[in-house]
Amino acid sequence: MRIGCVIPTRNAGDRFGELLLALQKQSAAPACVYVIDSGSSDNTAALAKQQGATVWSILPENFRHGATRQEAAQHLLAHWQVDALLFCTQDIAFQDNKALASLQEMLKQQERLGVVYGRQLPTANADPIAVHARYFNYPENSRVASSQDITFLGIRAAFCSNSFALYKKEAFLEAGGFSANVILGEDMELAARMLKRGWSVGYAADAVVCHSHSYSLLPYFRRAFDTGVFHAQSSWLLRELGSPQGEGVRFVLSEMKFLWKQKAYRWLGKSWLYTFGKFLGYHLGKRYRFLPRWVVLRCTAHPLFWK
């Protein structure tokens, strides 16, 4: 299976070279790497070129989570014969040289598996809330979800992460690729369309990378706001897969239990504060059409999306 890799970047820093080198050392190394750089002011583009990647530069204001990845995929497919498309973010770190092979093996084993994503573990400096989020969303056991599992899993049936995900080219093209008009969640939206077309979504727990973010209140609020916008703009997701509210309650209860067991007592108050911020941000985002433009721009984490 020949793999083409797409990585969006902006000021990725010196460690980006380590990621590209680690990709080359994977036992199932990509045949090609496309880097879409959004106006980096550091040496990101130079590092990519040094490692043999194809670099495509765009203006920061032209970046869109879905549209930019889709355009990069089209460029790659026009110039390379590949069987699968790997999408990564610039800040993942491989733990061994078998992670990509694990994704590839799972994708090859099942004919109607459209996409498989890997496990993300917290980085060494992650705070307790970020640690819990990774263990909650990326458990120890692999799974495959089909449209028949929507009744049981709800919206989680379409969960997917473009931080480290491998798409079968046939499924990617049949489902129409990434949507151009989503503020975020392009991976989940495409996975949901794959489910509707009879493809399955896989999770490979043995394909491990390190990737996490320790946010403060405002970034949590803004990400939740943009998630609300995403659900408002892609309302069919909630109609056909179900509301995320039940999953949200399960997450909060799990976080409380985790912090208590870890004796991270001082984080319990922050957890409640962050939960309130995310709740407020999400419900404001779902009602963004009723908000003044200046309010939306203050709430979003992606102001350039609205330009």
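This text follows the structure it describes.
Because the structure is predicted, anything quoted here is derived from the model rather than measured.

Parameters at a glance
- Residues numbered from 1 in each chain as written.
- Predicted model: local features only at pLDDT ≥ 70, side-chain atom pairs only at ≥ 80, totals over all residues.
- Heavy atoms only, no water.
- Helix = DSSP H or I, 4+ residues; strand = E, 2+ residues; numbered from the N terminus.
- Contact = heavy atoms within 4.5 Å.
- Polar contact = N/O pair within 3.5 Å; in protein donor to acceptor, adjacent residues only side chain to side chain.
- Disulfide = S-S within 2.5 Å.
- Buried < 20%, exposed > 50% of the residue type's maximum accessible area, 1.4 Å probe, protein only.
- Expected span 1.5 Å × (residues − 1).
- Phe/Tyr/Trp six-rings, centres within 6.5 Å; stacked < 30°, edge-to-face > 60°.

A. Inspection of the environment of threonine 89 at higher detail. By secondary structure assignment, the location of threonine 89 is in the loop between strand E4 (84-88) and strand E5 (93-94). Sequence separation between threonine 89 and leucine 19 is 70 residues; the distance between their C-alpha atoms is 9.8 Å. In this structure, threonine 89 is in contact with Ile7, Leu19, Arg69, Asn162, Ser163 and His211, ignoring residues within four places of it in sequence. Engagement of the side chain of threonine 89 in a polar contact is seen with the side chain of aspartate 91, the distance being 3.1 Å.

B. Region of the structure containing the state of the cysteines. Within this structure, the stated rule accounts for zero disulfides. You can see cysteine 160 has no disulfide; the closest cysteine sulfur is in cysteine 88, sitting 12 Å from it. Unpaired in this structure, cysteine 210 has its nearest cysteine sulfur neighbour in cysteine 88, at a distance of 14 Å. For cysteine 210, a relative accessible area of 14% corresponds to the buried category.

C. Summary view of helix H12 (residues 266-286). Counted at 1.5 Å a residue, the expected span for H12 with its 21 residues is 30 Å, and the 31 Å between its end C-alpha atoms agrees. For H12, the set of buried residues is Trp267, Leu268, Ser271, Tyr274, Thr275, Gly277, Gly281, Tyr282 and Gly285. Tucked into the core, H12 has its buried residues touching helix H5 (128-137), helix H9 (217-233), helix H10 (235-241) and helix H11 (245-261).

D. Structural view of the packing of aromatic side chains. Across all of its chains, the model carries 18 aromatic pairs by this definition. Between the aromatic rings of tyrosine 138 and phenylalanine 159, the centroid separation amounts to 5.8 Å while the plane-to-plane angle is 65°, which identifies the pairing as edge-to-face. In this pair, tyrosine 138 is assigned in the loop between H5 and strand E7 (143-145) and phenylalanine 159 in the loop between helix H6 (150-153) and strand E8 (164-168), connecting sequence segments 21 residues apart. Like phenylalanine 159, tyrosine 138 is buried. Taken together, a centroid distance of 5.1 Å and an interplanar angle of 65° make the contact between tryptophan 260 and tyrosine 265 edge-to-face.

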